[in-house]
Amino acid sequence: MSRIVQCFDTLQKTGKKALIPYITAGDPTPEHTVTMMHSLVKSGADIIEIGMPFSDPMADGPVIQLACERSLEAGTTVKKVLSIIAKFREEDSSTPVVLMGYLNPIEFFGYQAFADAAKEVGVDGVLLVDLTPEEATDVVECFKNNEIDLIYLLSPTTTPARAKKICDLASGYVYYVSVKGVTGSAELDVDSVKAHVDSLKEITDLPIGVGFGIRDAKTAAAVSKCADGVIVGSVLVNAIAENAAKDKEYIADALGSILAPMRSEMDA
Ligand SMILES: O=P(O)(O)OC[C@@H](O)[C@@H](O)c1c[nH]c2ccccc12
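Note that the structure is a prediction, hence the values are computed from the model and not measured.

Caption draft 1: Local environment of the overall build of the chain. From N to C terminus, the chain includes 12 helices and eight strands. Taken against the 2.2 N^0.38 rule, which gives 18 Å for 268 residues, the C-alpha radius of gyration of the chain at 17 Å falls within 12% of a compact globule. Based on the C-alpha atoms only, the size of the chain along its principal axes is roughly 45 × 45 × 35 Å. Within the chain, the fraction of its 268 residues that count as buried is 47%. Pairs at least 24 apart in sequence give 75% of the contacts found in the chain among residues at least 6 apart.

Structure follows, in structure tokens:
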């Protein structure tokens, strides 16, 4: 059983929902990330989504675009991201880690080489934003052979037929994007999310995580009532930006103080 499957299994037994924070690896520098990851776990994260910085992050709004810029500026490479995960694993062997990224840098690294290295350092899942189910086959094999879960995005505009096709390829969980648009959106309509998640539940048994536009504890709790997990990115990344000049413990605490209230409100 993969760490991700196990995680959702345990949560389900205790009636809890997954809290999945996102940060960009290497933001503001590669030296910061591991400390931040441990702080996120301490503050209630069940799974951590780590972004691999990319120069042209099409699905990201300004907050995460700038995080990618800071990270690339600080010299973060795919190799460096993998070494960050290895370092995190020295002290945490249980929290699932999902690497999120765009195909270009990974294609350059080599899909098989990347999947092998990701497995080696303890990555549990990958979310490749621009990997379409049509072109997925050989790429998918590289990850499947390494027992790495492939997380796919479903959006409000995904047709039921396509959603079914994607869910059949996916493992671990599926990621329902709550709004049309990019990361860091302001508006999320809980009723519409609930309706979409309910209809996805009819076509898949995989857990459903919901992300985009969740920035406070109240919204996190409301969304967690209608899904299996909530993903929170830009509000954390924004706190990194605001405190980028401070030391890493300070930033790690700042992240914890955003995440912890979400955890308590979700569990209340
Ligand atoms: O930032 P938000 O609105 O809280 O949404 C989470 C999101 O940032 C994270 O999951 C993510 C970062 N980059 C992405 C690109 C595509 C899909 C998802 C993502």
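Caption draft 2: Helix H2 (residues 33-42), seen in detail. Most of H2 sits out of view: seven of its 10 residues are buried. Of all the positions in H2, only Thr 33, Val 34, Met 36, Met 37, Ser 39, Leu 40 and Val 41 are classed as buried. On its buried side, H2 packs onto strand S1 (18-24), strand S2 (48-51), helix H4 (78-89) and helix H12 (248-267). Immediately downstream of H2, the backbone of Gly 44 shows phi near 115°, a positive value.

Caption draft 3: Highlighting the site of the ligand. The immediate surroundings of the ligand are formed by 20 residues, with Tyr 22, Ala 59, Thr 183, Gly 233 and Ser 234 found nearest. For the shell around the ligand, the secondary structure elements donating two or more residues are S2 and strand S8 (229-232). A breakdown of the residues in the shell around the ligand according to their chemical character gives 10 nonpolar, eight polar and two charged.

Caption draft 4: Focus on the environment of Ala 59. Following the sequence through the fold, Ala 59 ends up in the loop between S2 and helix H3 (62-73). Residue Ala 59 is classed as partly exposed on the basis of its C-beta count, with 16 C-beta atoms lying within 10 Å. It is 5.0 Å that separates the C-alpha atoms of Ala 59 and Val 182, two residues lying 123 residues apart in sequence. Ignoring anything within four residues of it in the chain, the contact list for Ala 59 reads Val 129, Val 182 and Thr 183.

Caption draft 5: Highlighting helix H10 (residues 217-226). Along H10, the positions that sit buried rather than exposed are Thr 219, Ala 220, Ala 221, Val 223 and Ser 224. At its buried positions, H10 is contacted by helix H9 (190-201), strand S7 (208-211), S8 and H12.

Caption draft 6: A look at the packing of H4 against helix H6 (residues 111-121). Look at H4 against H6: their axes get within 8 Å of each other, and the N-to-C directions meet at 20°. The pairing of H4 with H6 is recorded here as roughly parallel in orientation. Contacts from Val 78, Leu 82, Ile 85, Ala 86 and Arg 89 of H4 reach H6 at Phe 114, Ala 117, Ala 118 and Val 121. Taken together, the residues that form the contact of H4 with H6 break down as eight nonpolar, no polar and one charged.

Caption draft 7: A look at the nonpolar core. Residues Val 126, Ile 151, Leu 154, Val 174, Tyr 175, Tyr 176 and Val 230 are the most contacted members of the largest nonpolar core, which totals 86 residues. Dropping the residues within four chain positions of it, Tyr 175 is found in contact with Leu 127, Ile 151, Tyr 152, Leu 153, Leu 154, Gly 209, Gly 211 and Ile 231.

Caption draft 8: View of the packing of H3 against helix H11 (residues 234-242). For the pair H3 and H11, interaxial distance at closest approach is 9 Å and the crossing angle is 50°. Here H3 lies oblique to H11, going by the angle between them. Once H3 is placed against H11, the crossing between them reads as left-handed. Of the residues in H11, those touching H3 at Val 63, Ile 64, Leu 66 and Ala 67 are Ser 234, Val 237, Asn 238, Ile 240 and Ala 241. Class assignment for the residues of the contact of H3 with H11 results in seven nonpolar, two polar and no charged.

Caption draft 9: Summary view of the environment of Leu 255. Structurally, the position occupied by Leu 255 is in helix H12. Linking Leu 255 and Leu 40, residues 215 residues apart in sequence, is a C-alpha distance of 6.8 Å.

Caption draft 10: Structural view of the UniProt feature "active site" (unreviewed entry) in the chain. Those places that UniProt annotates as "active site" (unreviewed entry) correspond, in this numbering, to Glu 49 and Asp 60. Secondary-structure assignment places Glu 49 in strand S2. A tally of 23 C-beta atoms within 10 Å means that Asp 60 is categorised as buried. Beyond its immediate sequence surroundings of up to four residues, Asp 60 is in contact with Gln 65, Val 182 and Thr 183.

Caption draft 11: Quick look at the sheet that holds S2. One closed barrel accounts for eight strands, arranged S1-S2-S3-S4-S5-S6-S7-S8; its pairing is parallel. Across this sheet, the average inter-strand angle for adjacent strands is 25°, counted without regard to direction. Sheet contacts for H9: strand S5 (149-154), strand S6 (174-177) and S7; angle to S7, the most-contacted strand, approximately 155°.

Procedures and definitions
- Residues numbered from 1 in each chain as written.
- Predicted model: local features only at pLDDT ≥ 70, side-chain atom pairs only at ≥ 80, totals over all residues.
- Helix = DSSP H or I, 4+ residues; strand = E, 2+ residues; numbered from the N terminus.
- Rg over C-alpha atoms; globule rule 2.2 N^0.38 Å.
- Buried ≥ 20, exposed ≤ 12 C-beta atoms within 10 Å, placed from the backbone.
- Contact = placed C-beta atoms within 7 Å.
- Near = placed C-beta within 6 Å.
- Nonpolar A, V, L, I, M, F, W, Y, C, P; charged D, E, K, R; others polar.
- Axes fitted to C-alpha atoms, helices over the stretch in contact; angles between N-to-C directions.
- Parallel < 35°, antiparallel > 145°, perpendicular 65-115°, else oblique.
- Core = buried A, V, L, I, M, F, W, Y, C linked by C-beta atoms within 7 Å.
- Left-handed = near helix turned anticlockwise from the far one by under 90°.
- UniProt positions renumbered as here; feature names shortened; annotations may be inferred.
- Pairing = 2+ DSSP bridges.

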